[in-house]
Amino acid sequence: MSKEVKLFLGPNHPGMHGNSSVHLYVEGDTVVKSRLVPGFLHRGFEKLMERRTWMQNLALIPRICVPEPDINEMVYAMAIETLTGIEVPEKAHWIRMIILELARIAAHLMAMGGIGGATGLYTMPYWVMPDRDRILDIFEKITGARIYHMYIIPGGVRKDLPQGIEKDILEVLDYIESRSDEYENLLLKHRVIRTRTKGLGVLTREEALEMGVTGVGLRATGLPYDIRKVDPYARYDKVEFEVPTATEGDGYARFTLKYLELQQSIRIIRQCIDMMPKEGPVNVRFSRGSALRFRVPAGSVYAHVESSRGEYGYFVVSDGGEKPYRIHVRGASYPQGLYGVENKLPGTRIEDVALWLGTMDFCSPEIDR
Amino acid sequence: MSSTNEVIFNEVSSLFEKVSFEKISDRKYAVSIEKRQVVSFLETLKRKGFSHMSLITCIDWIEEKEFEIVYTLFNWNTGTTLMVKTRTSREKPVVPTIMEIWPTAKFYERDIHEFFGVKFEGNPDLKPLILESWEEIPPMRKDFDPEKYSKEHFPDRAYEVDFLVKGSENDE
């Protein structure tokens with residue numbers, strides 16, 4: 001006769017992704033019931049945003065999501081541009097794409113390192129973190145900051161690219177590409193990783209659609225659904241790239257797709273550098289007088305982008321005032337983090353829980369906000 | 001197989017009374033619906049192609065004494081976002097649950113219940129999710145004042161400005 005034991009994964013646990021707790025009820029080694037207990041990271045961002053002016057919020061929003069902050073700036077800017085009807089200059093679109101794709105590479109690298117760590121393959125985090133650092137160096141040269149850039153603003157980007165940055169970006173891309181074979185050998189062909197992740201956390205196409213899972217979770221079930229293709233923003237309709245898909249729907253498939261998307265991001269950035277206009281403004285002056293007293297016309301809009309973890313969106317409401325009336329952050333991992341942990345995690349073995357969360361792209365700040 | 005937006009919107013408009021789809025920008029639309037029709041309306045839209053529910057959110061229109069619940073749907077075939085809006089009174093905010101249509105709605109509704117106090121009829125689990133030992137009114141309501149709350153609950157800390165290292169060359 002087996003006995004049910006209650007275990008806590010997190011909030012402080014090496015296998016936990018951010019400050020959240022998963023309560024597990026286990027029988028032997030198998031999880032029979034689980035639920036997510038968020039709240040450790042709740043900072044009241046949505047309420048804070050209502051109490052600051054539209055421009056002051058620019059310093060706040062990137063801090064919602066640590067691994068990939070630029071998507072916050074992008075959706076915020078997109079929402080304001082839709083409400084005010086500002087036309088973004090052509091060059092700014094291309095710069096934004098370069099920034100977003102660099103951020104995607106950095107986030108995917110970090111996620112790959114996380115999956116390596118969760119399987120005990122610590123070589124992976126040791127490899128990817130310095131490689132990611134090279135991208136942060138580029139960010140520092142462009143924006144002046146490494147993690148929270150506050151670079152994409154409503155109406156364009158804060159300032160033009162520095163002289164000769166294209167060469168630096170191409171060098172980093174070449175370097176990451178030259179590392180690809182090693183990543184593939186270490187991660188995708190590794191016997192331990194294959195054994196641990198194949199068949200882990202299988203989501204069928206129906207389940208994924210029903211839950212509202214987006215990103216690699218959905219694409220691993222064979223659907224080429226990518227917001228960059230389906231609902232293109234910036235100039236994603238002008239560049240060529242593929243949306244890699246898989247059919248297995250398991251952890252290994254999701255993980256492989258991350259690796260393949262890395263190649264596509266590199267491809268997109270190269271095209272951006274080629275096709276970007278060399279001259280021209282990078283932002284428009286959107287208000288007369290002080291930017292802090294900038295007002296957005298009344299209305300509500302939902303803007304979303306394809307982040308490294310799936311659909312990331314802001315629901316923005318303005319009453320015509322100097323401050324946002326309401327902003328709701330739609331985190332990419334909200335469905336799998338709450339509904340998924342409760343309904344899809346049971347049946348997994350304890351040692352695979354951290355791996356399950358890693359391949360499902362669980363990110364706790366997206367739930368706590 | 002996939003229908004264009006006009007076809008879907010015309011078909012849906014013919015099934016429900018007084019429904020008009022408003023265009024916000026390219027591939028973004030909004031529509032308002034009465035509270036009692038919201039479940040069947042969303043079910044119809046899901047069948048017609050708006051299969052992805054991006055989020056459920058709530059807006060506190062305090063001057064109109066109403067809460068607005070917004071269901072944001074997405075159509076993967078046409079890339080269209082549709083915001084379905086419904087309103088409920090502020091005194092007795094009750095909205096039917098849509099868990100039957102999208103099971104993930106359970107948590108969005110739980111979130112809104114915690115932060116706005118809107119009750120979702122039929123949702124079995126509306127326990128607090130994020131906040132701990134919260135005794136005030138739901139915090140995302142417009143009449144909740146976070147500054148007053150923090151003044152009442154947390155003492156002002158006295159800071160001594162003492163940046164200079166004693167005995168260093170900075171001392172005169």
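If you look chain B up in an unreviewed UniProt entry, it shows as NADH dehydrogenase from Kosmotoga pacifica.

Chain A goes by NADH-quinone oxidoreductase subunit D in an unreviewed UniProt entry, where it is assigned to Kosmotoga pacifica. According to the UniProt record, the Sequence similarities (unreviewed entry) comment for chain A reads "Belongs to the complex I 49 kDa subunit family."

*Asks:* Sorry, what's going on with the side chain of Asp-226 of chain A here?
*Replies:* Tracing the backbone through its elements, the reader meets Asp-226 of chain A in the loop between helix H8 (216-219) and helix H9 (227-230). Taking relative accessible area as the criterion, Asp-226 of chain A reaches 0% and is therefore assigned buried. Apart from the residues within four sequence positions on either side, Asp-226 of chain A is in contact with Arg-219, Val-243 and Glu-306 of chain A together with Trp-76 of chain B.

*Asks:* What should I look at first to understand the nonpolar core in this one?
*Replies:* Nonpolar side chains in soluble globular proteins tend to end up buried together. Formed by 160 residues in total, the largest nonpolar core has its most connected members in Tyr-314 of chain A together with Phe-41, Tyr-71 and Val-84 of chain B. Element by element, the count of residues in this core is highest for helix H3 (residues 90-118) of chain A, at 13 residues. One finds Val-216, Ala-220, Ala-253 and Leu-257 of chain A within the second-largest nonpolar core, a separate group that totals five residues.

*Asks:* Would you explain the UniProt feature "domain: NADH:ubiquinone oxidoreductase 30kDa subunit" (unreviewed entry) in chain B in this entry?
*Replies:* With numbering aligned to this structure, UniProt lists the feature "domain: NADH:ubiquinone oxidoreductase 30kDa subunit" (unreviewed entry) at residues 32-149 of chain B. In residues 32-149 of chain B, the share of helix is 23% and the share of strand is 31%. The end C-alpha atoms are 35 Å apart.

*Asks:* I keep staring at the interface of chain B and chain A and nothing clicks. Help me out?
*Replies:* When the parts come together, some accessible area is lost, and that loss is often what is quoted as the size of the interface. The interface is formed by 49 residues belonging to chain B together with 40 residues belonging to chain A. Overall, the association of chain B and chain A removes approximately 3,800 Å² of surface from exposure, summing both partners, and the carbon and sulfur fraction of that is 61%. One salt bridge connects Lys-106 of chain B with Glu-342 of chain A, and the closest N-O pair in it is separated by 3.2 Å. The interface formed by chain B and chain A contains 20 residue pairs in polar contact (both at pLDDT 80 or more). Sorting the residues of the side of chain B that touches chain A by element identifies strand E1 (21-25), strand E3 (52-61), strand E4 (66-75), strand E5 (80-89), helix H3 (105-116) and helix H4 (146-153) of chain B as the ones contributing at least two each. Sort the elements by how many residues they give to the side of chain B that touches chain A and E3 of chain B lands first, with 10 residues. Class assignment for the residues of the side of chain B that touches chain A results in 26 nonpolar, 12 polar and 11 charged.

*Asks:* I'm lost on the packing of aromatic side chains in this one. Help?
*Replies:* The geometry of an aromatic ring pair is captured by two quantities: the separation of the ring centres and the angle between the planes. By the definition in use, this model includes 15 aromatic pairs over all chains. Both rings, one in Tyr-225 of chain A and one in Trp-76 of chain B, keep their centres 4.8 Å apart while their planes meet at 10 degrees; by these two values the pair is stacked. Taken together, the residues Tyr-225 of chain A in the loop between H8 and H9 and Trp-76 of chain B in the loop between E4 and E5 connect one chain to another. An identical accessibility class is assigned to Tyr-225 of chain A and Trp-76 of chain B; each is buried. Here the aromatic rings of Tyr-236 of chain A and Phe-241 of chain A are separated by 6.2 Å at their centres, their planes lie at 70 degrees, and the arrangement is edge-to-face. In this structure Tyr-236 of chain A comes out as buried when scored by relative accessible area, which is 2%. Using a relative accessible area of 5% as the deciding quantity, one classes Phe-241 of chain A as buried. Within the aromatic cluster, the residues linked to one another by ring pairs are Trp-54, Tyr-76, Tyr-312 and Tyr-314 of chain A. In this arrangement the basic side chain of Arg-179 of chain A is found over the ring face of Trp-127 of chain A, its NZ or CZ atom lying 4.9 Å from the centre.

Conventions adopted
Residues numbered from 1 in each chain as written. Chains lettered and ligands numbered in written order. Predicted model: local features only at pLDDT ≥ 70, side-chain atom pairs only at ≥ 80, totals over all residues. Heavy atoms only, no water. UniProt positions renumbered as here; feature names shortened; annotations may be inferred. Helix = DSSP H or I, 4+ residues; strand = E, 2+ residues; numbered from the N terminus. Buried < 20%, exposed > 50% of the residue type's maximum accessible area, 1.4 Å probe, protein only. Contact = heavy atoms within 4.5 Å. Core = buried A, V, L, I, M, F, W, Y, C linked by side-chain atoms within 4.5 Å. Buried area = accessible area lost by both parts, 1.4 Å probe. Salt bridge = Lys/Arg side-chain N within 4 Å of Asp/Glu carboxyl O. Polar contact = N/O pair within 3.5 Å; in protein donor to acceptor, adjacent residues only side chain to side chain. Nonpolar A, V, L, I, M, F, W, Y, C, P; charged D, E, K, R; others polar. Phe/Tyr/Trp six-rings, centres within 6.5 Å; stacked < 30°, edge-to-face > 60°. Lys NZ or Arg CZ within 6 Å of the ring centre and 35° of its normal.

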